[in-house]
Amino acid sequence: MEVLKTVKEVQDKVASLRSSGAEIGFVPTMGALHQGHLSLVGQCIADNDICIVSIFVNPTQFNNKEDLIKYPRTLERDSQYLEEAGVDFIFAPSEEEIYPEPDTRQFDFGQIDKVMEGVHRPGHFNGVAQVVSRLFDIVKPDRAYFGEKDFQQLAIIRAMVKQLALPVQIVPMPIVREASGLALSSRNERLTAKQKDIAVNISETLFESRQWMKSLPVQDTIKKVTDRLNSFDELSVEYYEIVDGYTLQPVKEWDDAAYIVGCIAVFCGEVRLIDNIVYKG
Ligand code: PAF
């Protein structure tokens, strides 16, 4: 495994691999890797001749400076995981490599970034689109892998690829959970042991709500999930929305769409966690 730091190094490598017919798979990450990332990496290795993983904590997607400062940076441990997994190249650029000049592009994703994370983290998805389009432009992958935990991000990436007509296949990968059900996230590292026990209620409640939906209308299900989670010390629901899984617009009735997903953001103490559950489709 080689660690590449510059755009030129990546471009040269990719050009020479491509000329020998290799298919390139790509997993963009911000590091602080866990089994969720490693499931993307495993699939990437299985599907492609070459697997490239980027590690770059992208400042333009943090609407909260404190979050950017606190984001765990664990390059040494990440490199070890990726080496063991069989990754070919890590791309770990500096901020200057990715943004030699400030990226002033403003993307328009219509309604899909006007809800949920888009409301609560203004500018976040624009930053994600900036960095991912820049990384795609450098790596020029055949396939790129994204986790379904970031459900809205996946929809944004798909919309961006369509808008920019990029020749890359987006491969979604299922949420990886701890045995307790807690969705894996780099942010879990910031939870105390006690908070982690409490955070388990998020997935537990979402799973249970699949039963509730059989007898409750959408709005009542939203209320029951929200009230239940807010009743735990340290948990505070920022939003819980039940949406059409394609358009991300809220549904009013269970019959409103063929694919329905519940998406949640919850503070556990000061740590903001997201998760989602498929109700239909
Ligand atoms: O999901 C993430 O880790 C980030 O948003 C991504 C896609 C690597 C862009 O910085």
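A.B. asks: Looking at this structure, I do not really get unusual backbone geometry. What am I missing?
C.D. replies: Working note: non-glycine residues mostly have negative phi, and peptide bonds are mostly trans. One non-glycine residue with positive phi stands out, namely Ala-32, at about 50°. Inspection of the secondary structure puts Ala-32 in the loop between strand S2 (24-29) and helix H2 (35-47). Positive phi values are uncommon outside glycine, yet Glu-234 reaches one of about 80°. By the secondary structure assignment, Glu-234 is in the loop between helix H10 (218-230) and strand S7 (235-244). Owing to a relative accessible area of 33%, Glu-234 belongs among the partly exposed residues under this scheme.

A.B. asks: Where do I start with the site of the ligand in this structure?
C.D. replies: As a matter of local geometry, the ligand sits amid Pro-28, Thr-29, Met-30, Gln-61, Val-131, Phe-146 and Gln-153. The contact in question runs from an oxygen atom of the ligand to an N or O atom on the side chain of Gln-61, over 2.6 Å. For the ligand, an oxygen atom lies 2.7 Å from a polar atom in the side chain of Gln-153. Relative to its unbound accessible surface of 290 Å², the ligand loses 89% to contact with the protein. Class assignment of the residues belonging to the shell around the ligand gives a composition of 4 nonpolar, 3 polar and no charged.

A.B. asks: Please explain the packing of aromatic side chains as it appears in this structure.
C.D. replies: Two aromatic rings are characterised by how far apart their centres lie and by the angle between their planes. Here the structure, examined in full by the defined rule, presents 8 aromatic pairs. Pairing Phe-56 with Tyr-99 gives two aromatic rings, centres 6.3 Å apart and planes at 55°, and the pair type is tilted. Of this pair, Phe-56 sits in the loop between strand S3 (50-55) and helix H3 (65-70) while Tyr-99 sits in the loop between helix H5 (95-98) and helix H6 (117-120), and the two are 43 residues apart along the sequence. Each member of the pair, Phe-56 together with Tyr-99, is buried.

What counts and what doesn't
- Residues numbered from 1 in each chain as written.
- Predicted model: local features only at pLDDT ≥ 70, side-chain atom pairs only at ≥ 80, totals over all residues.
- Heavy atoms only, no water.
- Helix = DSSP H or I, 4+ residues; strand = E, 2+ residues; numbered from the N terminus.
- Buried < 20%, exposed > 50% of the residue type's maximum accessible area, 1.4 Å probe, protein only.
- Near = heavy atom within 4 Å.
- Polar contact = N/O pair within 3.5 Å; in protein donor to acceptor, adjacent residues only side chain to side chain.
- Areas by Shrake-Rupley, 256 points an atom, 1.4 Å probe, with all protein chains shown as cover.
- Nonpolar A, V, L, I, M, F, W, Y, C, P; charged D, E, K, R; others polar.
- Phe/Tyr/Trp six-rings, centres within 6.5 Å; stacked < 30°, edge-to-face > 60°.

None of this, on its own, says anything about what the molecule does.
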